[in-house]
Amino acid sequence: MPRVEVNDVGLFYEVGGDGDPLVLVHGSWADHNHWAPVLHPLALRFRVLVYDRRGHSQSERPPQQGSRFEDEEDLAALMETMGFAPAYVAGNSFGASAALGLAARRPELFRGVIAHEPPLMGIAADDPQLRLLMAATGEKIGSVLAHLRDGETLAGTRQFVEEVALGPGAWDQLPDEVRETFLTNAPTFLDEQADPQWASLDVERLSGYTGPALLTKGTESPPWFESIVSRLSEALPESKVHTFEGAGHIPHVTHPTAYADRVVAFADETRKSS
């Protein structure tokens, strides 16, 4: 099992393909396998690095509470240790938040950043049209956390999948191995939500990132992601926005061809303009 030690934590990783370096950063509850549907087409264009974030699946799980800053530092150390700096970095959900947070602090590590629906609700909290919706979602997340704290892992995980992330009936439609991954990584969600900075980002500092950025969203996702992506687009001087028609929060899983094609096109466009 390939592992690399960064910041005193062992991280599982896999590398494949050939071309420009690309690092894929998974979201909450997931692991590197979440990227499986897009690995082959991306490996035809990139040298791809996937890994399990600290606490997830085959990576080491430290006993103390974690933070998104630690995920950002892990990503930086992993890229430098594995010879993937600078690289294109694509993140989904919480992984997108980590990628953007690192880009704001360490822009030299990036050839470009691709972020799909980072849950940075703090930067859109002043939107009056979304306030009630986000409050309702906050209550659901609170219920998920209560289940997890009480040891009711299945109930909390199912509620998150069906009421927060993917929609009613989604749990039963997930493959067995995906459900098992969600259950295994449920404790990491407690860590993420306990971090007071999990939903915020220094947008002013992010505006100092002048490299290429692709911000994506899905037409079937909750409406606050539209506002979050809009705020990020305003902050990032070289950003482009793409909407995946018919997709939601995990287009690399539900619409892998469209997702891979867009990432490849983005890299090709940035190479021509550089």
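Scroll up to find the structure.
The sections below set out a description of the structure shown in this document. Since we're looking at a predicted model, the values are computed, not measured. (Residues numbered from 1 in each chain as written. Predicted model: local features only at pLDDT ≥ 70, side-chain atom pairs only at ≥ 80, totals over all residues. Heavy atoms only, no water.)

Points about helix 12 (residues 256-273)
One turn of the α-helix equals 3.6 residues, which is why residues spaced by three or four share an orientation.
Then comes step 1: Under the 1.5 Å per step criterion, the end-to-end length of helix 12 is 26 Å for 18 residues, consistent within 8% with the ideal 26 Å.
Then comes step 2: Among all positions in helix 12, only Tyr259, Ala260, Arg262, Val263, Phe266, Ala267 and Thr270 are buried. Relative to the axis of helix 12, the buried residues are bounded by an arc of 160° and lie together on one face. Pointing more than 90 degrees away from the buried face of helix 12 are the exposed residues Thr257 and Lys272. (Helix = DSSP H or I, 4+ residues; strand = E, 2+ residues; numbered from the N terminus. Expected span 1.5 Å × (residues − 1). Buried < 20%, exposed > 50% of the residue type's maximum accessible area, 1.4 Å probe, protein only. Arc of directions from axis to C-beta.)

Description of the packing of aromatic side chains
Then comes step 1: Evaluated as defined, the whole model comprises ten aromatic pairs.
Then comes step 2: On the numbers, 4.7 Å between centres and 25° between planes, the contact of Trp29 with Phe160 is stacked. Placement of Trp29 in the loop between strand 3 (20-25) and helix 1 (36-43) and of Phe160 in helix 5 (residues 153-165) is noted, with a sequence separation of 131 residues between them.
Then comes step 3: Among the residues examined, Trp29 registers a relative accessible area of 0% and is labelled buried.
Then comes step 4: Looking at Phe160, the relative accessible area reads 10%, which means it is buried. (Phe/Tyr/Trp six-rings, centres within 6.5 Å; stacked < 30°, edge-to-face > 60°.)

Describing the pairing of strand 6 (residues 110-116)
Then comes step 1: Burial analysis of strand 6 places six of its seven residues in the buried class, the great majority of the element.
Then comes step 2: With six bridges joining them, strand 5 (residues 87-92) and strand 6 adopt parallel strand pairing. Within strand 6, the position partnered with Gly91 by the bridge is Ala115.
Then comes step 3: Here strand 6 pairs with strand 7 (residues 213-218) via four bridges, running parallel. (Pairing = 2+ DSSP bridges.)

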